[in-house]
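Listed below, chain by chain, are the residues.
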Amino acid sequence: MEDRSRFEEFARLATEQRNPRTRDLDTRDVPGILELIAAEDRTVPGAVARELPHIARMVEMVVASLRAGGRLLYVGAGTSGRLGVLDAAECPPTFGSDPEAVQGVIAGGPGALVGAVEGAEDGAAEGERAMLERGVGPRDTVIGLAASRRTPFVVAALAKARALGARTGYVTCTPRGEFALDVDVAVCPEVGPEALMGSTRMKSGTAQKLVLNMVTTAAFVRLGKVFENMMVDLVATSEKLVERSRRTVMTAAGVDYDAAARAIEAAGGSVKTAIVMIRLGCPRAEAERRLAAAGGFVRAALEERP
């Protein structure tokens, strides 16, 4: 009876429903298959947009944690877990953030990033242990990622994080009316049944990726990592990022390529400092003082008055 009850609960999940619009998927030629998938994918941005008020609350939690010296931890399994790890890994080169500030925790550990670790998502005890091992506390925000909302590893990790005093959030693709977990904010983009029944790496994964893009980008904008719409705290760890740094200074300060390169060198590699130095015609020490007084915001540093 217990197995039957679990099956019935599973069968009711929104992410496991059959899509009536794609029932002839197996009869289509390749262009026809792609047309069906594309039509379903076009519904995802609207589903995410309807969750903007809840995403905004999630961003504010993350900003509060990072300003207090805490961290953002994503917790997930399978596709959801990989998306969390991906978003976390991209923050340091994009925003110059501490690699510890945003972390991805995936059921099954690093090996689950490149291959399926069967049964890892069912490890509730492992989810709790992951929070203890990372020393989660009141300054942190922990966001669970699970298309179905019910993944034991994630649910247990969130409960433990909340017990340890952390702020908690959840990103799931099940309807808000079916979400009953105790978290500070839930983001529930309802993308409907997948083109391929139960394949939540598709629309559900896309929706989660869009939400995570918003959360970290908006949070770091609010933390002074962006000037206008340009990354100004990026870490130039590759040739591409070196050139992006120079182009950013060229654009923000109205100078040519060579002048931008010289300014970045004079600024100790800091794009922010180089922009302020050029725009205000001031030495590095003054530019750094202004940025510190402005909390790292380039616009405020440029507008500072004696």
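Residues numbered from 1 in each chain as written. Predicted model: local features only at pLDDT ≥ 70, side-chain atom pairs only at ≥ 80, totals over all residues. Heavy atoms only, no water.

A. Quick peek at the layout of surface pockets. One number sums up the size of the largest pocket: a volume of about 570 Å³. If you trace the largest pocket, you find 28 residues lining it, with Ala77, Gly78, Glu121, Thr151 and Thr200 closest to the centre. It is helix 5 (residues 78-95) that contributes the most residues to the lining of the largest pocket, four residues altogether. Classifying every residue of the lining of the largest pocket gives eleven nonpolar, eleven polar and six charged. Its boundaries defined by the atoms lining it, the second largest pocket holds a volume of some 180 Å³. Phe95, Thr217, Val221, Val226, Asn229, Met230, Met231, Arg244, Arg247, Thr248 and Thr251 together form the lining of the second largest pocket. Going through the elements one at a time, helix 8 (203-222), strand 7 (230-231) and helix 9 (239-253) are the ones with two or more residues in the lining of the second largest pocket. Looking at the lining of the second largest pocket, the element that brings in the most residues is helix 9, giving four residues. Here the residues of the lining of the second largest pocket are counted per class, giving five nonpolar, four polar and two charged. (1 Å grid on protein atoms, 1.4 Å probe; cavity = no way out; pocket = protein on both sides within 12 Å on 5 of 7 lines; lining within 4 Å. Points joined across faces, edges and corners; volume = space filled by probe spheres on them. Helix = DSSP H or I, 4+ residues; strand = E, 2+ residues; numbered from the N terminus. Nonpolar A, V, L, I, M, F, W, Y, C, P; charged D, E, K, R; others polar.)

B. Spotlight on empty space enclosed by the protein. This structure, assessed with the given rule, holds one cavity of 30 Å³ or more. Considered as a void within the structure, the largest cavity measures approximately 40 Å³ in volume. Around the largest cavity sit Ala14, Thr15, Cys173, Val191, Gly192, Glu194, Thr200 and Ser204, which together line it.

C. Region of the structure containing the pairing of strand 3 (residues 141-145). Across the five residues of strand 3, five count as buried, placing the element largely inside the fold. Side chains Thr141, Ile143 and Leu145 of strand 3 all project onto a buried face; the interleaved residues Val142 and Gly144 project onto the opposite face, where all are buried too. Two strands pair when backbone bridges link them, and strand 1 (residues 72-76) and strand 3 are joined in this way by five bridges, in the parallel orientation. Its bridge partner lying in strand 3, Leu73 is registered against Val142. Taking the sense of rotation as the criterion, the β-α-β connection linking strand 3, helix 7 (residues 152-163) and strand 4 (residues 167-171) turns out right-handed. (Buried < 20%, exposed > 50% of the residue type's maximum accessible area, 1.4 Å probe, protein only. Pairing = 2+ DSSP bridges. Right-handed = clockwise from strand over helix to strand, strands pointing away.)

D. Region of interest: the packing of aromatic side chains. Taken as a whole and judged by the stated rule, the model has two aromatic pairs. When the centroid spacing of 4.7 Å and the interplanar angle of 20 degrees are considered together, the rings of Phe95 and Phe220 count as stacked. Linking Phe95 in helix 5 with Phe220 in helix 8, this pair joins segments that are 125 residues apart in sequence. Pair check on accessibility: Phe95 and Phe220 agree, each one buried. (Phe/Tyr/Trp six-rings, centres within 6.5 Å; stacked < 30°, edge-to-face > 60°.)

E. Geometry of the environment of Ala285. If you trace the backbone, Ala285 turns up in helix 12 (residues 284-293). Its relative accessible area of 55% is what places Ala285 among the exposed residues. Taking the C-alpha atoms as reference points, Ala285 and Thr273, twelve residues apart in sequence, are found 9.1 Å from one another.

F. Inspection of the side chain of Thr216 at higher detail. In this fold, Thr216 is placed in helix 8. The class for Thr216 is buried, based on a relative accessible area of 4%. A distance of 3.0 Å separates a polar atom in the side chain of Thr216 from a polar atom in the side chain of Asp87. (Polar contact = N/O pair within 3.5 Å; in protein donor to acceptor, adjacent residues only side chain to side chain.)

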